[in-house]
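# Reading the structure
Each chain is listed here by its residues.
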Amino acid sequence: MRTVDVLKMPLYAAELASGAKSFRNNPLIGSRRLNEAGLHVKRIKLAEKLADSRRKRLEHLVSEEDRLAYQRDGFIASPGLLTETDLEGVRREIETTRFHAWDMRQGNAVTRFIPLPPSVLQDLPFLRAAVWHQQIQNGLRYVGSSNGDPLMYLHIVMTNPDGKQKADPQTAFHSDTFHPTAKCWLFLYDIDDASGPFSYIPGSHKLTRERLDWEREQSLAASTAKNSHHAGGSFRLPASELGRLNYPEPVRFAVPGNTLVVADTHGFHARATSTQPSVRVGLYGSLRRNPFLPWTGLDPFNLPGLKGRQARIHMAQKDLEKRLKGRTSHKYAGKIPATEPSRF
């Protein structure tokens, strides 16, 4: 073990009680010996138990129908979320406004993130109402088992499978992390099956015996995995192993515009491979807190001055990372129309 790792051991130990997930960057999380003794599986089980307890206290946020859908599938789908008037208003505001945008390239896909803090939404009433729509906000809180303030972005995915770039790594089925966590997409325009729709394996959010055995097996060698995402704790699931885990065929969300999907991305999901150049526009939300907290609230981002600004703060961190390290995953693209082609 390196001297620096020995000196940082108290930090590594503290991370065990957090959402830290990297098998490569934390020698305790990635320890084969500790994971043979059950460390990874115990973290998963405890996180799931606490999430179930918190979610029970948030049942009032969603309908019984949505609760049953989540328990069965791991996601809640709501077609026709907005009225036609509101949908047209949101589309018009997006199409006629220039936004501060950050682009992230992954293989042949560029994902554009546009933060939507109060300063942006104050002049966009339809978009503001959509961001704070009760089903979006409450769905994220219920699935994420936290009464916190989610990150919210305008989200554009631009894919060009005809180029020379490598395949988009998000097209591999994967679990974001070891504990329940929530993401949502309000798809604002129709998505056809050739354009790489969001895909999800129903029921894969559940801790079945097969899933736990698979997780334990992955934990023993993840620290040296060639795939950096897998080594970082976002486990990839090869298509050949779906049968081993007794999973059904994935659901592909080739859906009409105005469809909301809220999913537990501890379950296996992917962006389906696009067979044609495409642009996907929607609202995107994410809610992930420390999985070992017993309480549902006490989120500092709910405080005045911070509420609704988390996504912009996150992008400011990316800008700082660029200045300090010379590189970052998200590059500032300028103040541009939402769907302007990326320069990266």
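Before reading on, note that the structure itself is shown above.
Reading the values: rules and limits
Residues numbered from 1 in each chain as written. Predicted model: local features only at pLDDT ≥ 70, side-chain atom pairs only at ≥ 80, totals over all residues. Heavy atoms only, no water. Helix = DSSP H or I, 4+ residues; strand = E, 2+ residues; numbered from the N terminus. Rg over C-alpha atoms; globule rule 2.2 N^0.38 Å. Buried < 20%, exposed > 50% of the residue type's maximum accessible area, 1.4 Å probe, protein only. Contact = heavy atoms within 4.5 Å. Lys, Arg positive; Asp, Glu negative; His and termini not counted. Charge placed at Lys NZ, Arg CZ, Asp CG, Glu CD. Pairing = 2+ DSSP bridges. Polar contact = N/O pair within 3.5 Å; in protein donor to acceptor, adjacent residues only side chain to side chain. Salt bridge = Lys/Arg side-chain N within 4 Å of Asp/Glu carboxyl O. Phe/Tyr/Trp six-rings, centres within 6.5 Å; stacked < 30°, edge-to-face > 60°.

## Quick word on the overall build of the protein chain
The helix and strand tally for the protein chain stands at 12 helices and 11 strands. Its C-alpha radius of gyration of 20 Å places the protein chain within 12% of the 20 Å reference for a compact globule of 344 residues. For the C-alpha atoms alone, the extent of the protein chain along its principal axes is close to 55 × 50 × 45 Å. Here the protein chain holds 344 residues, and the buried ones make up 53% of them. At a minimum sequence separation of 6, the contacts of the protein chain that also span at least 24 residues come to 82%. Charged side chains of the protein chain number 49 positive and 35 negative; the gap between the two group centres comes to 8 Å.

## A closer look at the sheet that holds strand β9 (residues 269-271)
Ordered in space as β7-β6-β9, the three strands form an open sheet in which the pairing is antiparallel. In this open sheet, the two edge strands, each paired with only one partner strand, are β7 (251-252) and β9. Alignment of strand β6 (residues 198-200) against β7, held across two bridges, turns out to be antiparallel. Pairing of Y200 across the sheet is with V251, part of β7.

## Details of the pairing of strand β3 (residues 109-115)
In terms of burial, β3 is a largely internal element, seven of the seven residues being buried. Because side chains alternate across β3, one face comprises the buried residues A109, T111, F113 and P115, and the other comprises V110, R112 and I114, equally buried. With five bridges joining them, strand β2 (residues 98-106) and β3 adopt antiparallel strand pairing. Bridged to M104 within β3 is T111. Where β2 hands over to β3, the hairpin turn is made up of two residues, of which G107 adopts a positive phi near 60°.

## Describing the side chain of S234
With respect to the secondary-structure elements, S234 resides in the loop between α11 (228-231) and β7. Judged by its relative accessible area of 8%, S234 falls in the buried class. Within the local environment of S234, its side chain forms a polar contact with the backbone oxygen of S175, the two atoms lying 3.0 Å apart.

## A closer look at the pattern of salt bridges
Counted under the stated rule, the structure contains 13 salt bridges. Among the salt bridges present, the one from K307 reaches D149, with a minimum N-O distance of 4.0 Å. Separated by 158 residues along the polypeptide, K307 in the loop between β10 (278-287) and α12 (310-325) and D149 in the loop between α9 (134-143) and β4 (151-159) bring together distant segments of the chain. Between R209 and D213 there is a salt bridge whose closest N-O contact spans 3.2 Å. Here R209 and its partner D213 are both found in helix α10 (residues 209-219), four residues apart, which amounts to about one turn of the helix. Accessibility expressed as a relative area gives 39% for D213, which makes it partly exposed. One salt-bridge network, in which partners are shared between bridges, spans E217, E241 and R244.

## Considerations on the packing of aromatic side chains
Applying the stated criterion across every chain, the model contains 16 aromatic pairs. Aromatic pair F75 and F253: ring centres 5.2 Å apart, planes at 85°, arrangement edge-to-face. Taken together, the positions of F75 in strand β1 (residues 75-78) and F253 in the loop between β7 and β8 (259-264) put the pair 178 residues apart, joining distant regions of the chain. By relative accessible area, which is 9% here, F75 ends up buried. We classify F253 as buried; its relative accessible area is 6%.

## Focus: the side chain of N138
Among the structural elements, N138 can be located in helix α9. Residue class for N138 comes out buried when judged on its relative accessible area of 14%. The residues contacting N138, other than those within four sequence positions of it, are L61 and V62.

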